[in-house]
Amino acid sequence: MPTTHNSQNQAVQVTDVHSFAKPEEAVITHIHLNLDVDFEKHILQGYAKLSFKNITGTDHLVLDTRDLEISRVTQGENGEEAKFSFGEEVKFLGKALTIEVSKTSEVVTVYYKTSPHAGALMWLNAEQTAGKQFPFMFSQSQAILARTWVPCQDGPGVKFTYSADISCPHSLMALMSAENDTLLHKDGKYHFNMPQPVSSYLMAIAVGDVRFHALGKNTGVYAEPVMLERSIDEFVDMQNMVDAASGLYGEYAWGRYDVIVLPPSFPFGGMENPRLTFATPTIIAGDRSLVALVAHELAHSWSGNLVTNATWNDFWLNEGFTMYFENRIMEKLYGRDYADMLDELNFNELQETVKELGETSIDTHLFLSLKDRDPDDGMNEIAYIKGQFFLKTVESVVGREKMDIFVKKYFTEHAFQSMTTEKFIEYFKANLIQGDLAIANKIELEKWIYGPGIPSNTFRVKSKLLEKAAAQAKEFLAGTPAKELHTKDWSTHEWLHFLRNLPEGLTKDQIVSLDKKFHFTQSGNCEILCDWFQHTIASDYLPSEAQLELFLMNVGRRKFIVPLYKSLVKTAAGKIFAQKVYLNARPGYHSVAQQTIDELVK
Ligand code: BES
Ligand code: ZN
């Protein structure tokens, strides 16, 4: 069985079914990139110089690649030519690149260019940005797309430091998940350094017309100039979040914590690229109601970036811990009632997902089996929310004090290492259960991790605020006119709960009266819009159609657009509408969104 090596060079036995690399034989320790960003051809071109440690005295180094055009490979500091060959193309995984190396070699340099269709990279023309004046490019490497722009050992169990020299058009700023200079360089040349070891999926780059603004002593925001003011206002609490997070689980390990607000085609809500979270502009709601996403990506600075899932089957270790941690940050900043509200919404989503996947489905296990599958298939509410509620259940059994000591110790003792589910269980038993059978029986660890559905001992959260919102939905359904409902001071979350408590297929009168009173169709809040559109689609409410089309044309966040396309294709007329819109919208979506929606709309 292959092993990977953590930063202390301890061998960790892991099978990573999504990587061709053999880090147990020779492992990458540092990557230096030298790349030109070519906005005409939509490619990155240059070289990657990889330092590695030959552990077994092997005569070849195996890397992951997908759609890379490699012109030449050399080894050693003197640039001696090295032989290389590609393996067969495998679905989702790309091709193994095998480089012949001498036993004393410690470095290889791969000269290459990316494909204009590189899965990780999104190239936007000026029209697709907020400012409409300059093109934009960003990467999204998680889960296995780093190999489409950097030849590397592309499994989360391998960690390396990295540095980069990037050239881009003179008017643009380049940023990476590394130490960033906050100023624009007039010559378009940028140097980056990431001194802490990270997994390949955390390598990230963005190039565009962005400016920086500091928010606190080690926090700040990058955004296009026209988005900067609004972003600064939305993220006022960012420094407090960092301080709260460090207060909970130990020192922030990465120096700065900045966020870049990307154009709306970014396929996710956020991505925890170290030092520089990538975020969708759809969280800039104007009322700071969607900043839990920042707490989430920040929490990954511990769960994920510091202690990393060893393979994508262990994904719940990244996301479950992060959801738990996110909620603790939110509680600290905004109080228990607010945090409970977020948690109950989460739990409801988990129940929906379990219903969809089937209560006995193996895909509802925390520990996943993603062999021969795209790891993307496993990235749903199970890892996130079942993972979170597992930890909330543990907390409710052992008490918060003990829980916090355990979590902090877990992060501290495994910093810069990778973690398998098995190793976690061992650690959990040794440090939390400590042989106490009563506690073990209350938690039922194995049931949670290797069993389906939501275990019956799950911690249940009851939000007082959401209860009130649900009561108003009930009133409305019983005939109380929209204008008489009590909705004063509702946050986004109460509105979402209200909308989710209305059944599919509202009557025309109901829809019209709601829209007239609350102006949902005109809402600037993407979360609310998205839930509202579910009702307008189900009730075939035409006055919203133009807004829906606009939304699908502008926003590329997969969490929003996938459910909307799913609902549209349920009827023949809806499907025609979806196909028509998608034809125009598709070029504005990132490859990971295209991949999902191609399947739905065909
Ligand atoms: N790391 C994830 C995003 C991700 C997961 C990208 C798997 C590719 C593969 C990120 O931390 C995340 O979970 N984002 C969420 C937001 C969060 C508040 C639940 C998202 O994008 O919606
Ligand atoms: Zn996450």
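Residues numbered from 1 in each chain as written. Chains lettered and ligands numbered in written order. Predicted model: local features only at pLDDT ≥ 70, side-chain atom pairs only at ≥ 80, totals over all residues. Heavy atoms only, no water.

### Points about the pairing of strand β6 (residues 69-75)
The side chains of a regular strand alternate between both faces of the sheet. In the sheet, β6 pairs with strand β10 (residues 107-113) via six bridges, with the strands oriented antiparallel. Residue I70 lies in a different strand from β10, and its bridge partner there is Y112. Judged from the two bridges that link them, β6 and strand β7 (residues 80-81) form a sheet pairing that is antiparallel. Residue pairing across strands places T74 opposite E81, the latter belonging to β7. Here β6 hands over to β7 after four residues, with G76 in that stretch at a positive phi of 75°. (Pairing = 2+ DSSP bridges. Helix = DSSP H or I, 4+ residues; strand = E, 2+ residues; numbered from the N terminus.)

### A short note on the pairing of strand β4 (residues 43-54)
In this sheet, β4 lies alongside strand β3 (residues 26-38) in antiparallel orientation, the contact comprising 12 bridges. Counted as the bridge partner of H32 is K49 from β4. Between β3 and β4, which pair antiparallel one after the other, the connecting turn spans four residues, and H42 there sits at a positive phi close to 60°. Examined bridge by bridge, β4 and β10 share seven bridges and lie antiparallel to one another. Its bridge partner lying in β10, A48 is registered against V110.

### What to know about the domain arrangement of the protein
The assigned domain composition of the protein is domain 1 (1-124 + 131-207), domain 2 (210-301), domain 3 (307-450) and domain 4 (503-601). A C-alpha centroid distance of 26 Å is found between domain 1 and domain 2. Taken together, the contacts link 28 residues of domain 1 with 22 residues of domain 2. Here domain 1 and domain 2 share an interface that buries about 2,100 Å² over both sides, 69% of which is from carbon and sulfur atoms. (Domains from an automatic or database assignment. Contact = heavy atoms within 4.5 Å. Buried area = accessible area lost by both parts, 1.4 Å probe.)

### Let's talk about the coordination of the zinc ion (ligand 2)
Donor atoms from the polypeptide that bind the zinc ion (ligand 2) are H296 (NE2), H300 (NE2), E319 (OE) and E319 (OE), placed at 2.0 to 2.7 Å. Of note is the zinc ion (ligand 2), whose six donor atoms meet at the metal with angles of 53 to 159° in an arrangement that counts as irregular. In the primary structure, the donors to the zinc ion (ligand 2) are separated according to the pattern H-x3-H-x18-E. Of this pair, H296 sits in helix α3 (residues 292-299) while E319 is found in helix α4 (residues 315-334), placing the two residues 23 residues apart along the sequence. The pair H296 / E319 is uniform in exposure class, with both members buried. (Donors = N, O, S within 2.8 Å, 3.2 Å for Na, K, Ca; no water. Tetrahedral: all angles 85-135°; square planar, octahedral: opposite > 155°, others 65-115°. Buried < 20%, exposed > 50% of the residue type's maximum accessible area, 1.4 Å probe, protein only.)

### A look at the confidence of the model for the protein
Considering every residue of the protein, the mean pLDDT works out to 96; 98% of them sit at 70 or more. The least confident element of the protein is strand β1 (residues 3-5), whose mean pLDDT is 48; the most confident is α3, at 99. pLDDT under 50 marks residues 4-9. Its contacts with residues more than four places away, or in other chains, come to 20 contacts. (pLDDT = per-residue confidence, 0-100.)

### Comments concerning the sheet that holds strand β5 (residues 60-65)
Taking strand neighbours across the sheet as the criterion, the three strands line up as β5-β9-β8 in an open arrangement whose pairing is antiparallel. The open sheet has two edge strands with one neighbour each: β5 and β8 (84-86). Taking the axes of each pair of neighbouring strands and ignoring which way they run, one obtains an average angle of 20° across the sheet. As paired strands, β8 and strand β9 (residues 95-100) are joined by three bridges and run antiparallel to one another. From the neighbouring strand, F84 faces β9, where its bridge partner is I99. (Axes fitted to C-alpha atoms, helices over the stretch in contact; angles between N-to-C directions.)

### Thoughts on the sheet that holds strand β18 (residues 219-223)
Judged by pairing direction, the sheet is mixed, and its five strands sit side by side in the order β17-β18-β19-β21-β20 without closing on themselves. For this open sheet the edge positions go to β17 (211-214) and β20 (270-271), each flanked by a neighbour on one side alone. Strand direction decides the pairing type here: strand β19 (residues 257-261) and strand β21 (residues 276-279), joined by four bridges, are parallel. Paired with V261 across the strands is A279, a residue of β21. Where helix α1 (residues 225-234) meets the sheet, it contacts β17, β18 and β19, and its direction lies at approximately 145° from that of β18. α3 rests against β19, β20 and β21 of the sheet, and its axis sits at about 130° to β19.

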